[in-house]
Protein chains: 2
Amino acid sequence: MRQDKDTRLEVIKMIITSQEVGRQDDLLNELAKAGFPSTQATLSRDLRQLRIVKGHNERGEQVYLLPEQKRYQRISDTHMTVQQINRLGAVSVKFSLNLAIVQTPPGHAAHVAYDIDNAHIPEILGTIAGDDTILIVLDETAERPNVLNRLAEVVPETRKE
Amino acid sequence: MRQDKDTRLEVIKMIITSQEVGRQDDLLNELAKAGFPSTQATLSRDLRQLRIVKGHNERGEQVYLLPEQKRYQRISDTHMTVQQINRLGAVSVKFSLNLAIVQTPPGHAAHVAYDIDNAHIPEILGTIAGDDTILIVLDETAERPNVLNRLAEVVPETRKE
DNA sequence: ATATTTCTGCGATATTTATGCAAAATTTGT
DNA sequence: ACAAATTTTGCATAAATATCGCAGAAATAT
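Residues numbered from 1 in each chain as written. Chains lettered and ligands numbered in written order. Predicted model: local features only at pLDDT ≥ 70, side-chain atom pairs only at ≥ 80, totals over all residues. Heavy atoms only, no water.

Chemist: What is the right way to look at the interface of chain A and chain B in this model?
Modeler: Quite often, the size of an interface is put as the accessible area lost when its parts meet. Each side of the interface is counted separately: chain A has 30 residues, and chain B has 32 residues. A buried area of about 2400 Å², summed over both sides, lies between chain A and chain B, and 58% of it is on carbon and sulfur atoms. Among the residues of chain A in contact with chain B, A:R51, A:L125 and A:I128 are the three that bury the most area, contributing 25% of the side total. Here chain A and chain B share 1 salt bridge between them. One salt bridge connects B:R144 with A:E140, and the closest N-O pair in it is separated by 2.2 Å. At the boundary of chain A with chain B, the tally comes to 10 residue pairs in polar contact (both at pLDDT 80 or more). Where the side of chain A that touches chain B is concerned, the elements lending two or more residues are α3 (40–49), β1 (53–56), α6 (109–119), β5 (124–129) and β6 (133–138) of chain A. Residues belonging to the side of chain A that touches chain B are distributed by class as follows: 13 nonpolar, 7 polar and 10 charged. (Contact = heavy atoms within 4.5 Å. Buried area = accessible area lost by both parts, 1.4 Å probe. Salt bridge = Lys/Arg side-chain N within 4 Å of Asp/Glu carboxyl O. Polar contact = N/O pair within 3.5 Å; in protein donor to acceptor, adjacent residues only side chain to side chain. Helix = DSSP H or I, 4+ residues; strand = E, 2+ residues; numbered from the N terminus. Nonpolar A, V, L, I, M, F, W, Y, C, P; charged D, E, K, R; others polar.)

Chemist: What is the right way to read the side chain of B:E123 from this model?
Modeler: Residue and element names in this part refer to chain B. In this fold, E123 is placed in the loop between α5 (109–119) and β5 (124–129). Engagement of the side chain of E123 in a polar contact is seen with the backbone nitrogen of E143, the distance being 3.5 Å. Look past the residues within four positions of E123 in its chain and what remains in contact with it is V137, L138, D139, A142, E143, N146 and V147.

Chemist: So what exactly am I meant to see when it comes to the sheet that holds strand β3 (residues 92–96) of chain A here?
Modeler: For sheets, the rule is that strands pair by backbone hydrogen bonds, running either parallel or antiparallel. Residues and elements named next belong to chain A. Read across the open sheet, the 4 strands follow the order β3-β4-β6-β5; overall the sheet is antiparallel. In this open sheet, the two strands that pair with only one neighbour each are β3 and β5. Averaged over all pairs of adjacent strands, the angle between strand axes in this sheet comes to 20°, irrespective of strand direction. When strand β4 (residues 99–103) meets β6, the two strands line up antiparallel, connected through 5 bridges. Residue pairing in the sheet places I101 in a bridge with L135 of β6. Across the sheet, α6 is in contact with β4, β5 and β6; its angle to β5 comes to roughly 165°. (Pairing = 2+ DSSP bridges. Axes fitted to C-alpha atoms, helices over the stretch in contact; angles between N-to-C directions.)

Chemist: What's the story with unusual backbone geometry in this structure? I'm lost.
Modeler: In most cases, non-glycine residues show a negative phi, while peptide bonds are predominantly trans. Even without glycine at this site, A:R51 takes up a positive phi of about 55°. Within the element layout of this structure, A:R51 appears in the loop between α3 and β1. With relative accessibility at 18%, the residue A:R51 sits in the buried group. Unlike most non-glycine residues, B:L97 shows phi in positive territory, near 55°. Within the secondary structure layout, B:L97 lies in the loop between β3 (92–96) and β4 (99–103). (Buried < 20%, exposed > 50% of the residue type's maximum accessible area, 1.4 Å probe, protein only.)

Chemist: Would you mind showing me how to read the environment of B:A109 here?
Modeler: Residues and elements named next belong to chain B. Along the chain, A109 falls in helix α5. On a C-alpha basis, the gap between A109 and G130 in space is 6.2 Å, while along the polypeptide they are 21 residues apart. With near-sequence residues (within four places) excluded, A109 lies in contact with T104, A129, G130, D131, D132, T133 and I134.

Everything listed here is a matter of geometry and, on its own, says nothing about what the molecule does.
Right, dumping it as structure tokens:
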């Protein structure tokens, strides 16, 4: 079920960034529509794991928000999916010793790095993002195929070196 | 009472930026201590008016946050000590070859890096800070225990891997 | 395969938060 | 200053959310 769970978490993020949802029951309905029926208890756990925040929109109505969203700015303006970014230009990964370099279209490094961080890949010690380049520091024992596989979940259509 | 209300709203903001509060009842207690007794109903309205958000800290515990706060970054006009930052979430150090990666709570990498720089640890050639990650480049001959000892003065409660 | 860990559902609550309504306080207009 | 209008508040209660114990399913590790 791991894969299903990860997908469900992604769907949750998509839903709350594409529309205003203010109650878990509403979110449950949307999830069911999207083919991920679940229960309120599980959703509550998911929201905590995603560090999703409950705030208010300009009208004072309650809305769920991703933590990196400031105020009521919708993520659709700023947070593109990697698929969307990929349309703008390739995202590539290259290795050197215990480092990996990810190239993104200009301006998108921070966002991709955020997704990589959130994938919690154990072999990745940390990332630092510039404008269109991300430096990834790997564990000394990291095996590149593994890292590449895990990265592929976050950064699809990656062009290996 | 309008004046009192405005003051109370300010006090609410002060409280939630100076400590982690996860429940309205707790916030009520703090308000009372500060000389602004109120009720849960009023507080709920105040929070909506302030557009205060309820999210989760690193440990998944619930916390109230100002909307303009990124993630769990706390407002601080003064430079927070690492001890203070540590309360917001662990600061950890990991090594890989000639590099060390320090993870901090979101938004605090620059502060911690500044402290590290100022410790003038000879084996540290330099640091680069992102939002929540610091890359440290070590001298080729650096010995990790030494570096860790020196770092511990700056970054207490460090968790080696 | 077997053991171990993680995840989920299912109630079943306990806890927390929001709100309708009426009263009290405050402001405004005259 | 008085009355009307507006805002604020408390109370009671509704609504929403978090959590618990537990059993079984699924994934991971040995």
